[in-house]
Amino acid sequence: MAMNILLFSSIALSLAFLALAFEPSPLQDFCVADPTSSARVNGQACKSPASVVANDFSFSGLHIPGNTSNPNGSRVTPVTAAQLPGLNTLGISMARVDYAPWGINPPHTHPRATEILTVIEGSLQVGFVTSNPDNSLITKTLQKGDVFVFPVGLVHFQRNVGTGNAVAIAALSSQNPGVITIANAVFGSKPDISSDILAKAFQVDKTVVDWLQAKF
């Protein structure tokens, strides 16, 4: 029951997050995303209002734990305009994040959104790093019911520091916040960033870079 109350509170907070959206205010009641459209717009084209149905504004599944059997020990279940077409142009989205014991949501950024995270179950160490030249680490351990905000574009992370599974609900100020996982972007780009460049940037031997790139 307590978890349900926190979950509903997080959803209500997500709706309030509309006030912080970066996207321009809608010029119509809604613009349900039409993934079949070939129109090129900044976002997704609108479905005809005559063909809009209730399911365009609904998503089911946030009560289902994500599979954390992966190297990071975490799973993000996003609810963006790609999963919930009715979010298109509304400047808001959300996600459920599941963590195995000591699992991490690795350092990443959302280029188009601020994120506010609510811990539903467990204990999480969270943090973000400020921009150059300070690169200050702002970090804290959160308990069930605690809330933390990650400013738009800054590198941030979470780690489950409890002995059991942890769950969090995130709200983001864009219907398409985007995500750039730092390790994947740097060491797993297609094609590869030259290992000479990365070796110099990270001040390590080229063989270390080659080993890291092979993992991604």
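Residues numbered from 1 in each chain as written. Predicted model: local features only at pLDDT ≥ 70, side-chain atom pairs only at ≥ 80, totals over all residues. Heavy atoms only, no water.

As recorded by an unreviewed UniProt entry, the chain carries the name Germin-like protein and is attributed to Salvia divinorum. Its UniProt record, at the heading Sequence similarities (unreviewed entry), says of the chain: "Belongs to the germin family." Heading Subcellular location (unreviewed entry) of the UniProt record for the chain holds this comment: "Secreted, Extracellular space, Apoplast". (UniProt positions renumbered as here; feature names shortened; annotations may be inferred.)

(A) Structural view of the layout of surface pockets. The calculated volume of the largest pocket comes to roughly 650 Å³. Listed by contribution, the elements that provide at least two residues to the lining of the largest pocket are β1 (74-79), β2 (93-99), β3 (104-109), β9 (166-172) and α2 (182-187). Residue contributions to the lining of the largest pocket peak at five residues, all from β1. Split by residue class, the lining of the largest pocket holds 16 nonpolar, 12 polar and two charged. (1 Å grid on protein atoms, 1.4 Å probe; cavity = no way out; pocket = protein on both sides within 12 Å on 5 of 7 lines; lining within 4 Å. Points joined across faces, edges and corners; volume = space filled by probe spheres on them. Helix = DSSP H or I, 4+ residues; strand = E, 2+ residues; numbered from the N terminus. Nonpolar A, V, L, I, M, F, W, Y, C, P; charged D, E, K, R; others polar.)

(B) Representation of the sheet that holds β2 within the structure. Spatially, the five strands line up as an open sheet ordered β1-β2-β9-β4-β7, and their pairing is antiparallel. The sheet is open, and its two borders are formed by β1 and β7 (147-150), each paired with just one other strand. Looking at each pair of strands side by side, their axes are set apart by 20° on average, direction ignored. Here seven bridges tie β2 to β9, and the two strands are oriented antiparallel to one another. The partner of Ser-93 across the bridge, within β9, is Leu-172. (Pairing = 2+ DSSP bridges. Axes fitted to C-alpha atoms, helices over the stretch in contact; angles between N-to-C directions.)

(C) Structural context of the sheet that holds strand β8 (residues 155-160). The sheet built from five strands is open, its strands ordered β6-β5-β8-β3-β10 with antiparallel pairing. Looking at strand neighbours, the two that pair on one side only are β6 (137-142) and β10 (180-181), the edges of this open sheet. Relative to β8, β3 runs antiparallel, the two being bridged by three bridges. From the neighbouring strand, His-108 faces β8, where its bridge partner is His-156.

(D) Quick peek at unusual backbone geometry. A cis geometry characterises the amide bond from Asn-132 onward to Pro-133, with omega recorded as 5°. Within the fold, Pro-133 resides in the loop between β5 (124-129) and β6. Of the consecutive residues Lys-190 and Pro-191, the connecting peptide bond is found in the cis state with omega at -5°. Positionally, Pro-191 belongs in the loop between α2 and α3 (195-202). One non-glycine residue with positive phi stands out, namely Thr-89, at about 75°. Among the secondary structure elements, Thr-89 is positioned in the loop between β1 and β2. Judged by its relative accessible area of 22%, Thr-89 is partly exposed. Even without being a glycine, Gln-203 presents a positive backbone phi close to 55°. (Buried < 20%, exposed > 50% of the residue type's maximum accessible area, 1.4 Å probe, protein only.)

(E) View of the pattern of salt bridges. All chains considered together, the criterion is met by four salt bridges. A salt bridge links Asp-56 to Lys-47; the shortest N-O distance between them is 3.1 Å. (Salt bridge = Lys/Arg side-chain N within 4 Å of Asp/Glu carboxyl O.)

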